[in-house]
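Descriptive analysis of the structure
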Amino acid sequence: MDLKAKMLRDDALKGKTIVVTGGGSGLGKAMTTYFLELGANVVITSRNMEKLKAVKTELEDQTGGTVLSVQCDVRNYEEVEAMVAASVEAFGTVDVLLNNAAGNFISPTERLSANAFDTIIDIVLKGTKNCTLAFGKHWIDKKEKNKVVLNIVTTYAFTGSAYVVPSAAAKAGVLAMTRSLAVEWAKYGMRFNAIAPGPFPTKGAWDRLLPGDLKEKFDLSKKVPLKRVGEHQELANLAAYLVSDFSAYINGEVITIDGGEWLKGAGQMNMLEEIPQEMWDMLEAMIRAKKSK
Ligand code: HXC
Ligand code: NAP
């Protein structure tokens, strides 16, 4: 099986303009690359303009598409409004907002300062709110329809998770916002969906979630029933579908792409995976023996 195979037909996103926050690295860059290959114009935004400029050159050369780099800290509403204006000025209209930018690190919660907790909430929840509000108001004001907002959350948005509490709380808030606005702003011609990825190795995430030899100590592929981590193109395929017109009837949904990871942790008897096949005859006999008494 070729996990890097590209799913949608050529030109599936032709004519669309897509804003990807945090589009200069990791999963944001992977999704940006595929959107460009499918014919979209992409605006990539983050705090680091040098990085964004280099990625623009790299991806334009690689795909022949058009990239606009805009420096924007999603925590600052004025910078977000300026990013919306720059995107509209460059391309006339924006069709898709992909809220991908995030901040995160592992820590026992009692070690966090109030500012550390706020920093994560501000990037993830407030940043997603800022971009969503600014684009939403713009689209409503201009009476533009057929718009899509796609939010990247995590599976611990449903379950919560120890040691990443600010991120879990913020991602849960983003998921609630996704579902709420899917209903409220449908009348304005907007769709809202989310993707909950499992482990997809990126430098940004791995440096902060598995520093040093934690990468070896906690091999995340072992937590996944499919026994592997995600390939970036698999996520890009799903994201491209969800921002395309092919998904026009999907609204308010969160799609998990994690190889079954979070459910493995949830099912009460899932630990029986550890029972060797040859033990099952004996176990069955023991259970049947009890029933007949
Ligand atoms: C405790 C910490 C800390 C740490 C920072 N702080 N790192 N506290 N442990 N490891 C504290 C600081 O002391 C400060 O509080 C406050 O947090 C803000 O830190 P700054 O460095 O000033 O913030 P800033 O420059 O804005 O950087 C934000 C950041 C940084 C989140 C801390 O890591 C960053 O830029 N991250 C962006 C990329 C990222 O995180 N990518 C991973 C996404 S992965 P005080 O009180 O001292 O002022 C992801 C995956 C989910 O989301 C699921 C995977 C399976
Ligand atoms: P990443 O490369 O660190 O991506 C985070 C991006 O956000 C960076 O490009 C960063 O750019 C940008 N960013 C951070 N703070 C910002 C701010 N204040 N304003 C604007 N941009 C900001 O990590 P990733 O793994 O690709 O993560 C991408 C998304 O996937 C995140 O939403 C993450 O929560 C989610 N996710 C990842 C995984 C995984 O396994 N990798 C699993 C589940 C969910 P600058 O530093 O230049 O600002």
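Up top is the structure.
Here we summarise the structure given alongside this text. (Residues numbered from 1 in each chain as written. Chains lettered and ligands numbered in written order. Predicted model: local features only at pLDDT ≥ 70, side-chain atom pairs only at ≥ 80, totals over all residues. Heavy atoms only, no water.)

Notes on the site of ligand 1
Around ligand 1, 17 residues are found, and the nearest of them are Arg47, Asn104, Ser113, Asn115 and Arg208. Here Arg208 contributes a side-chain N or O atom positioned 2.7 Å from an oxygen atom of ligand 1. Surface burial for ligand 1 is 59%, taken as the share of its 1100 Å² of free accessible area covered by protein chains. Contributions of two or more residues to the shell around ligand 1 are made by α4 (114–142) and α7 (203–209). The residue inventory of the shell around ligand 1, partitioned by class, reads seven nonpolar, seven polar and three charged. (Near = heavy atom within 4 Å. Polar contact = N/O pair within 3.5 Å; in protein donor to acceptor, adjacent residues only side chain to side chain. Areas by Shrake-Rupley, 256 points an atom, 1.4 Å probe, with all protein chains shown as cover. Helix = DSSP H or I, 4+ residues; strand = E, 2+ residues; numbered from the N terminus. Nonpolar A, V, L, I, M, F, W, Y, C, P; charged D, E, K, R; others polar.)

Section: a nonpolar patch on the surface
Side chains of Met269, Met271, Leu272 and Trp280 sit close together on the surface and give an oily, nonpolar patch of about 370 Å² of accessible area. Note on placement: Met271 falls in the loop between α10 (261–266) and α11 (280–291). (Patch = residues over 30% accessible without salt bridge, like charges linked within 9 Å, V, L, I, M, F, W, Y side chains within 5 Å. Salt bridge = Lys/Arg side-chain N within 4 Å of Asp/Glu carboxyl O.)

Quick word on the sheet that holds strand β1 (residues 17–21)
Read from one edge to the other, the open sheet built from seven strands follows the order β3-β2-β1-β4-β5-β6-β7, with strand pairing classed as parallel. Looking at the sheet topology across the chains shown, the edges are occupied by β3 (67–71) and β7 (254–257). With strand direction ignored, the average angle separating the axes of adjacent strands in the sheet is 20°. Taken together, the four bridges between strand β6 (residues 190–197) and β7 define a ladder with parallel strand orientation. (Pairing = 2+ DSSP bridges. Axes fitted to C-alpha atoms, helices over the stretch in contact; angles between N-to-C directions.)

Describing the side chain of Asn237
The residue Asn237 is located in helix α9 (residues 232–243) in this model. For Asn237, a relative accessible area of 10% corresponds to the buried category. A polar contact is formed between the side chain of Asn237 and the backbone nitrogen of Met7, at a distance of 3.1 Å. Excluding its chain neighbours within four sequence positions, the residues that come into contact with Asn237 are Ala5, Lys6, Met7 and Tyr34. (Buried < 20%, exposed > 50% of the residue type's maximum accessible area, 1.4 Å probe, protein only. Contact = heavy atoms within 4.5 Å.)

Details of the site of ligand 2
Near ligand 2, the surroundings consist of 28 residues, among which Ser25, Ser46, Arg47, Asn100 and Thr202 are the closest. Residue Arg47 places a side-chain N or O atom 2.7 Å away from an oxygen atom belonging to ligand 2. Contact between ligand 2 and Thr202: an oxygen atom at 2.6 Å from a side-chain N or O atom of the residue. Coverage of ligand 2 by the protein chains reaches 89% of its 870 Å² of free accessible surface. Secondary-structure elements contributing two or more residues to the shell around ligand 2 are α1 (26–37) and α7. Counted by class, the shell around ligand 2 contains 13 nonpolar, ten polar and five charged residues.

Brief notes about the pattern of salt bridges
Counted under the stated rule, the structure contains eleven salt bridges. Where Glu234 meets Arg228, a salt bridge forms, and the shortest distance between an N and an O atom there is 2.9 Å. Accessibility expressed as a relative area gives 28% for Arg228, which makes it partly exposed.

Examining the packing of α4 against helix α6 (residues 165–184)
Between α4 and α6, whose axes approach to 8 Å, the crossing angle comes to 15°. Between α4 and α6, the angle is such that the two are roughly parallel. Crossing hand, α4 versus α6: right-handed. Contacts between α4 and α6 involve Phe117, Ile120, Ile121, Val124, Leu125, Thr128, Lys129 and Thr132 from the former and Val165, Pro166, Ser167, Ala169, Ala170, Lys171, Gly173, Val174, Met177 and Leu181 from the latter. A class-by-class count of the residues in the contact of α4 with α6 yields twelve nonpolar, four polar and two charged. (Parallel < 35°, antiparallel > 145°, perpendicular 65-115°, else oblique. Left-handed = near helix turned anticlockwise from the far one by under 90°.)

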